[in-house]
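Analysis of the macromolecular model
Listed below, chain by chain, are the residues.
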Amino acid sequence: MIVSQPPVTTHRFASFDGVEIAWAEMGEGRPVVLIHGYFSDAATNWIKYGHAAKVAALGRRVIMPDLRAHGDSARPHDAAAYPPDALARDGMALLAHLGLSDYDLGGYSLGARTVVRMVTMGAAPGKIVLSGMGLEGLLDTGRRAAHFRRILTNLGSFERGSPEWMAEAFLKTTGGDPVALLGILDTFVDTSREALAAIAQPVLVLAGEEDDDNGSHRALAELLGDARLVETPGNHMSAVVKKELGDAIAAFLQ
């Protein structure tokens, strides 16, 4: 179901290396930054199915960047635009640009990985939401990178209904740029068990009950010091379109 939305505004800034990053905003109050997943964008991940509206209804300012190479952000084809941890550095640059010091931080899939990398860089949110992410997806980013590299370099060759075919179909719906998105894979950086265990903030580990794309969300929750595990209906692709995802995020942030 498509949910009616409060007004959304779109803004842009130049990130750490001059690449233009766009972000959408909804609502007013204490900020929460939500970062979307790979092949997606803020509108698809957070706005379209009402998740951001539920958070805004708590009296929150919801800030939703489009990752570089996604959505309304720049999509450079130069390999130099995709250094390791570029996405997390963009996130840190956005926090600095907006002058945020008292905020919460969440992400879905690649967005969750970006959140973790930001925390390792010194981001200090009050609460953290890691959705669509398991432990292995943080410890060993190479497996997922290889999966998506195979998809992006073999477009049009996958059996209808296969996971690769589904990912390609989603890429088409969001108007993704395969060349720019390949660059994103070079930004992935593993996070150690020790760094994950050192995260002190309350964390919501949230995933579809059929989602094992990024490994075990239960194992991730068990490793973190102060985590709450919530499973919602669906798999990695379908959980995002269901109301329970937004309900769980809003309940945690309330």
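What you see is a predicted model; the values in this text were computed from it and never measured. All chains use their own residue numbering, which begins from 1 and follows the written sequence. Thresholds applied to this predicted model are a pLDDT of at least 70 for local features of residues and 80 or more for the giving and counting of side-chain atom pairs; totals over whole chains, interfaces and linings are not thresholded and use all residues. The side-chain values count all of the structure's non-hydrogen atoms but skip hydrogen atoms and water molecules.

Structural notes on the overall build of the protein
Summing up its helical and strand segments, the protein has 11 helices and 8 strands in all. Our radius of gyration is a C-alpha quantity, and the globule rule it is checked against amounts to 2.2 Å times the number of residues to the power 0.38. Radius of gyration (C-alpha) of the protein: 17 Å, near the 18 Å computed for a compact globule of 254 residues. With the principal axes as the frame, the protein shows a C-alpha extent of 45 × 40 × 40 Å. Looking at the protein as a whole, 54% of its 254 residues are labelled buried. Here, residues are in contact when the closest pair of their heavy atoms is within 4.5 Å. Of the contacts formed within the protein by residues at least 6 apart in sequence, a portion of 73% connects residues at least 24 apart. For every accessible area listed, the method is Shrake-Rupley and the probe measures 1.4 Å; residues are considered covered only by the protein chains on display. Entry remark: accessible area of the protein is about 10300 Å², with carbon and sulfur atoms responsible for 52%. Only four residue types enter the tally: Lys and Arg on the positive side, Asp and Glu on the negative side, with His and both chain ends excluded. For the purpose of locating charges, the reference atoms are NZ of Lys, CZ of Arg, CG of Asp and CD of Glu. Of the charged side chains in the protein, 23 are positive and 31 negative; the average position of the first set lies 2 Å away from that of the second. Segments assigned H or I by DSSP are reported as helices when at least four residues long, segments assigned E as strands when at least two residues long, and all are numbered from the N terminus. Buried, partly exposed and exposed residues are distinguished by accessible area as a fraction of the type maximum, computed with a 1.4 Å probe on protein chains only: under 20%, between the cut-offs, and over 50%, respectively.

Overview of helix H4 (residues 110–120)
In terms of burial, H4 is a largely internal element, 10 of the 11 residues being buried. All buried positions along H4 are accounted for by Leu 110, Gly 111, Ala 112, Arg 113, Thr 114, Val 115, Val 116, Arg 117, Met 118 and Val 119. Downstream of H4 by one or two residues, Gly 122 has phi in the positive range, about 115°.

Structural notes on unusual backbone geometry
Although it is not a glycine, Asp 85 adopts a positive phi angle of roughly 65°. Classification of Asp 85 by relative accessible area gives buried; the value is 12%. Positive phi outside glycine occurs at Ser 109, with the angle close to 60°. Structurally, Ser 109 is set in the loop between strand E5 (104–108) and H4.

Brief notes about the packing of aromatic side chains
The geometry of an aromatic ring pair is captured by two quantities: the separation of the ring centres and the angle between the planes. Only rings of Phe, Tyr and Trp enter the pairing, Trp through its six-membered ring, and a pair is recorded when the two centres are within 6.5 Å. The plane angle decides the type: under 30 degrees is stacked, over 60 is edge-to-face, the rest tilted. Scanning the entire structure with this criterion turns up 4 aromatic pairs. Look at Phe 13 and Trp 23: their rings are 6.0 Å apart centre to centre, the planes differ by 70°, and that puts the pair in the edge-to-face class. Taken together, the residues Phe 13 in strand E1 (residues 8–14) and Trp 23 in strand E2 (residues 20–26) connect sequence positions 10 residues apart. Looking at Phe 13, the relative accessible area reads 7%, which means it is buried. Ring centres 4.5 Å apart and planes at 40° place the aromatic pair Tyr 38 and Phe 39 in the tilted group. Each member of the pair, Tyr 38 together with Phe 39, is buried. Connected via pairs of aromatic rings, a cluster forms that spans Tyr 38, Phe 39 and Phe 148. The residue whose ring lies beneath Arg 113 is Phe 188, and the NZ or CZ to ring-centre distance is 4.7 Å. Sitting over a ring, as applied to charges here, requires NZ of Lys or CZ of Arg to be within 6 Å of the ring centre and within 35 degrees of the ring normal.

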